[in-house]
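These are the residues of each chain, in order.
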Amino acid sequence: MFKIGLTGGIASGKSTVLTYFKDKGIPCIDADIVAREVVEPGTEGLQAIVDTFGSNVLHDDGTLNREALGAIVFHNEEKRQLLNGCLKIHIRNRILELTSQYEKANTPVLIYDIPLLIEGEWYAMMDEVWLVYVNERTQIERLMSRNGYTKEDALARINSQMRLDDKRSYADVIIDNNGTPFDLTAQLNTIWGERIESVLQK
Ligand code: ADP
């Protein structure tokens, strides 16, 4: 199975790129969905959170109260690390479990949508890392228009992440999304023809 780790930065166009491949029938593991699954009621992940932060982070029905948990960790780096510590192993195990399910089903190509692909060292288990890259000016403009942020808000979000320029050296493929949607599709068509089609034909 050919494993592709797709990464980018906020508003660089990762979801847009993913839609192209999903439309072509390539399956995807979404780390954000996994992160929600591992804190569903009855999971070890939720239990670890309750053990660490207390049952006041639960709603009456036993589901996770994200607002309460967010209020605790939002401005507290130490608490945020604690939360990450509760979840990391469960997210990892679930992603590995899903991977082996796809492998058993003889899936030829699998894309991983993992925002912290580089930072979380997931890139090591990928056959290729693909980076959706934009320059900072484009990133600010797209973030402002998609989320309605001021320039300052957009910059603050961008600066809280690893710099896209620093991610470039980890990438096997750099998808340049500074151009038009048409330019992007043209690049994706080339990537499809050069890197995916041959795997699907095997
Ligand atoms: P990400 O998933 O990386 O946060 P998105 O795919 O949501 O980014 O793209 C960010 C915003 O930019 C969205 O509003 C999207 O429609 C827009 N966008 C993406 N690619 C382009 C492009 N080439 N030209 C113009 N707008 C784009």
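Residues numbered from 1 in each chain as written. Predicted model: local features only at pLDDT ≥ 70, side-chain atom pairs only at ≥ 80, totals over all residues. Heavy atoms only, no water.

Asks: Whenever I open this one, the layout of surface pockets confuses me. Can you help?
Replies: The method is simple in principle: a probe with the dimensions of a water molecule rolls over the atoms, and the space it marks as empty is what remains. By volume, the second largest pocket amounts to about 180 Å³. If you go around the second largest pocket, you meet 13 residues; those closest to its centre are Glu136, Gln139, Arg163, Leu164 and Asp165. When residues of the lining of the second largest pocket are traced back to their parent elements, those giving at least two are α6 (136-147), α7 (151-159) and α8 (164-167). Taken together, the residues of the lining of the second largest pocket sort by class into five nonpolar, five polar and three charged. (1 Å grid on protein atoms, 1.4 Å probe; cavity = no way out; pocket = protein on both sides within 12 Å on 5 of 7 lines; lining within 4 Å. Points joined across faces, edges and corners; volume = space filled by probe spheres on them. Helix = DSSP H or I, 4+ residues; strand = E, 2+ residues; numbered from the N terminus. Nonpolar A, V, L, I, M, F, W, Y, C, P; charged D, E, K, R; others polar.)

Asks: Teacher, can you tell me more about the site of the ligand here?
Replies: Looking at the ligand, there are 14 residues lining it, with Lys14, Ser15, Thr16, Arg146 and Asn177 nearest. Here a nitrogen atom of the ligand and a backbone polar atom of proline 181 are 3.4 Å apart. Coverage of the ligand by the protein amounts to 74% of the 560 Å² it exposes when considered alone. Those elements that provide at least two residues to the shell around the ligand are α1 (14-23) and α6. Per-element accounting of the shell around the ligand gives the leading share, three residues, to α1. (Near = heavy atom within 4 Å. Polar contact = N/O pair within 3.5 Å; in protein donor to acceptor, adjacent residues only side chain to side chain. Areas by Shrake-Rupley, 256 points an atom, 1.4 Å probe, with all protein chains shown as cover.)

Asks: What is the right way to look at the packing of helix α3 (residues 44-53) against helix α5 (residues 77-104) in this model?
Replies: Describing two packed helices takes the angle between their axes plus the distance from one axis to the other. Contact geometry for α3 and α5: axes closest at 9 Å, N-to-C directions at 155°. Compared by their axis directions, α3 and α5 come out roughly antiparallel. The crossing of α3 and α5 is right-handed. Residues Glu44, Gly45, Ala48, Ile49, Thr52 and Phe53 of α3 touch α5, and the partners they reach there are Lys79, Leu82, Leu83, Cys86, Leu87 and His90. (Axes fitted to C-alpha atoms, helices over the stretch in contact; angles between N-to-C directions. Parallel < 35°, antiparallel > 145°, perpendicular 65-115°, else oblique. Left-handed = near helix turned anticlockwise from the far one by under 90°. Contact = heavy atoms within 4.5 Å.)

Asks: Explanation requested: the pattern of salt bridges in the structure shown.
Replies: Working definition: two side chains of opposite charge can pair if their charged atoms are close together. What the rule picks out here adds up to ten salt bridges. One salt bridge in this structure joins aspartate 113 and lysine 14, with 2.4 Å as the shortest N-O distance. With aspartate 113 in strand β3 (residues 109-113) and lysine 14 in helix α1, this residue pair connects regions lying 99 residues apart in the sequence. Between arginine 80 and glutamate 77 there is a salt bridge, with the nearest N and O atoms lying 3.2 Å from each other. Taken together, the residues arginine 80 and glutamate 77, both in helix α5 and three residues apart, mark about one turn of the helix. A network of salt bridges, in which partner residues are shared, links Glu37, Arg94 and Glu97. (Salt bridge = Lys/Arg side-chain N within 4 Å of Asp/Glu carboxyl O.)

Asks: Sorry if this is basic, but what is going on with the domain arrangement of the protein here?
Replies: Accessible area lost during the coming together of the parts is what is often quoted as the interface size. Structurally, the protein comprises domain 1 (1-27 + 109-197) and domain 2 (34-106). The interface is formed by nine residues belonging to domain 1 together with six residues belonging to domain 2. Interface area for domain 1 against domain 2, summed over the two sides, is near 670 Å², with a carbon-plus-sulfur share of 76%. The largest contributions to the domain 1 side of the interface with domain 2 come from Met1, Leu110 and Trp122, which together make up 59% of the buried area. Counting across the interface, domain 1 meets domain 2 through one salt bridge. The interface formed by domain 1 and domain 2 contains one residue pair in polar contact (both at pLDDT 80 or more). (Domains from an automatic or database assignment. Buried area = accessible area lost by both parts, 1.4 Å probe.)

Asks: Sorry if this is basic, but what is going on with the sheet that holds strand β4 (residues 128-133) here?
Replies: The pairing of strands in a sheet comes from backbone hydrogen bonds and takes either a parallel or an antiparallel form. Ordered in space as β2-β3-β1-β4-β5, the five strands form an open sheet in which the pairing is parallel. The open sheet has two edge strands, β2 (28-30) and β5 (173-176), and neither has a second partner. Looking at each pair of strands side by side, their axes are set apart by 20° on average, direction ignored. When β2 meets β3, the two strands line up parallel, connected through three bridges. The residue of β3 that forms the bridge with cysteine 28 is isoleucine 111. α5 contacts β1 (2-7), β2 and β3 of the sheet and is inclined by roughly 170° relative to β2. Here helix α9 (residues 181-201) sits on the sheet and contacts β1, β3, β4 and β5; the angle it forms with β5, its principal contact strand, is near 150°. (Pairing = 2+ DSSP bridges.)

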